[in-house]
Every structure is written in structure tokens, then in C-alpha cells.
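Here are the chains, one letter per residue:
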Amino acid sequence: MTALTPITAHPTQTQPRAVGTLRLSTKADGARTVLDDLYQQGASKAVFPRATRGMTGVLLNTSGGVTGGDRFDITAKAQASTHLTLTTQACERAYRAQPGLVGQIRTRLSVEARATLWWLPQETLIFDGCALDRHLTCEVVPTGRALIVEPLCLGRIAMGETTVHGQMHDHILITRNGKPLVQDAWRMRGNMSAQMAGAATGNGASAMVTLTLVSPDACAQIEPVRALLPATGGASLLADDVLVMRCLTPTGYDLRRHLLPVLDHLTGGTLPLCWRL
């Protein structure tokens, strides 16, 4: 009898990676917002719980997180006179990546006439050794409204992970008629915790959020938003209808404690239930 040779992976063989694609759009059915198109493939899924305003889509990553070599593409359109809220079932996790592999997330949003789109994902948790490249674009027509939020936590402090090495690139571009309203980009590589410890960067913060509101009433929201922020947060008007807020906190718990009141205010108390769990 001939002995069987065990099968072993080649040391240079690339492991299979998660790929997900999600496309959705809404349309108006009288005063209601309903789905117009939905395509989901691979590790990207969406569910649509009952909403108190318009339509809410809860995005799920069935692979459990993002690591080097993963690719996720999300495209969402709020068509004329609709209201679309997009959030996530839980926090996204950016896991340790194999050398030379970078995870990619591409999000493309668009808001048509008299429509509203709220992009409200829960926090992205950055693990030690992560490698993530994330880009978000949003085109808003002059009569459209958008609320774009991207919270992030560096390390798992409760588990003793207080020093995080890796690389992270984040880019947000919001346009109107193809021209930039807001363009925000940052990159960290190496010891990200040490970089955030600097007085001119994070002053020791491990959690942060960038929030952008494009709305005709943005000017009226600036003082209420500022009143809800700690000393490590700030909000400014880039135009009468464009508000940008940034907040840095020591921990993810502190970030959520300050962010939730802001989101409740800007959404009129209709924040998706998964933010409360």
C-alpha cells in the first residue's frame, strides 16, 4: 500500500479573501420610500427593518470583518423625494493583515433632488497589524441632503490592546455638480498609537469621528452641535449649508457618549435601533 502524502499549503500561497458587492437605490411611492433596486453578492448583505422615517438599510459583512486582501464595494442612491438611512449591524472590524495585503472598502453614495441620505455606520475597530484603505464619495444635488458619519476606534483598550501598529488610509469626498464641497483625507502607518499621542495629532486619543452635514439648515445646527461636544471636539461651517464636525476622545465609550446626542439631534431622534444595542 502506498502511503498518502499530506497536502500542505505552499508558504507563498495567498489565502482566499472576502469579496462583497452591494448596490441599492430607493424610489418614491407616493409619500413612501421603497426599494427600487437591490443587488448583493458575496460577503455584503443588507436587511431592511421597519423604519420610523423613510427606509433604513442595515449593512452586514458576513465574513465578520476586513483583513488584508478583502474587497468591499457599496453603492447607494437616494432617488428623488426619498429618505434613506444606512447603518451597520455592529462595529466593523479591521483585523491583522498578512504582509503586503491591504483591505479595501469603496463606498459610493448619491443623493437626488429633494432626497435625504444618512450614512451612519457604527464604529470601525482598528486591530493591531491592520492594513485598510477606505474611500467614500457622495454626490449631493443642490436640493438634496446628506449626513455622513465615520467613527473609528484605535485598538481594543478593554482587552489590553493599547498599542496599535499597521496602516490606515481614509478618504472622504463630498461633491455637488461634480465639484468638491468637502474633501478630507488622512493616512497613518507604523505605530499609529504613538502618532495619535502627539499633541498636534490626537493628544493621546484612541477614538475619533468625522461628521459632515449637507443641508439647507446646516447654519442653524452649528451652535446646537457645538453645545453637545467636549473640549476635544469642534464644528465649523464650510458654507451656509455645509457643516463639518470632528471629535477625538480617549476611548470608544467616550466617543459614543458624545456622538449619540449629536446624532439624535441631527436625525430628530430617529437614529436606527442598532445604535442603541
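Just so it is clear, the structure is predicted and the values come from calculations on it, not from any experiment.

Asker: Go over the pairing of strand β14 (residues 179-191) with me, naming the residues and quoting the values.
Answerer: Pairing analysis gives 12 bridges linking strand β13 (residues 165-176) to β14, with the strands arranged antiparallel. Directly across from H171, in β14, lies its bridge partner A185. Counted along the chain from β13 to the antiparallel partner β14, the turn is two residues long, and its residue N177 has a positive phi close to 55°.

Asker: Can you explain unusual backbone geometry? Please cite residues and give values.
Answerer: Of note in the backbone geometry, R114 takes a positive phi value of approximately 60° without being a glycine. Examined against the element boundaries, R114 turns out to sit in the loop between β8 (103-111) and β9 (116-120). By relative accessible area, which is 55% here, R114 ends up exposed. The phi angle at N203 is positive, at roughly 55°, despite the residue not being glycine. Mapping N203 onto the fold places it in the loop between α1 (192-197) and β15 (207-214). Taking the relative accessible area as the measure of exposure, N203 reaches 59% and is therefore exposed.

Asker: Which residues make up the environment of V111, and what values go with them?
Answerer: Its location among the elements puts V111 in strand β8. Overall, the relative accessible area of 1% leaves V111 in the buried class. If near-sequence neighbours (up to four positions away) are discounted, V111 is found in contact with A78, T116, L117, C138, E139, V140, V141, G144, R145 and A146.

Asker: Give me the lowdown on the sheet that holds strand β11 (residues 130-140), citing residues and values where you can.
Answerer: Taken in spatial order, the seven strands of this open sheet run β2-β1-β5-β8-β11-β13-β14, and their pairing is mixed. Each end of this open sheet is capped by a strand with a single partner; those strands are β2 (32-42) and β14. Neighbour-to-neighbour, the strand axes of the sheet open up by a mean angle of 5°, direction not taken into account.

Parameters and conventions
- Residues numbered from 1 in each chain as written.
- Predicted model: local features only at pLDDT ≥ 70, side-chain atom pairs only at ≥ 80, totals over all residues.
- Heavy atoms only, no water.
- Pairing = 2+ DSSP bridges.
- Helix = DSSP H or I, 4+ residues; strand = E, 2+ residues; numbered from the N terminus.
- Buried < 20%, exposed > 50% of the residue type's maximum accessible area, 1.4 Å probe, protein only.
- Contact = heavy atoms within 4.5 Å.
- Axes fitted to C-alpha atoms, helices over the stretch in contact; angles between N-to-C directions.

Read these as geometric descriptors, not functional statements.
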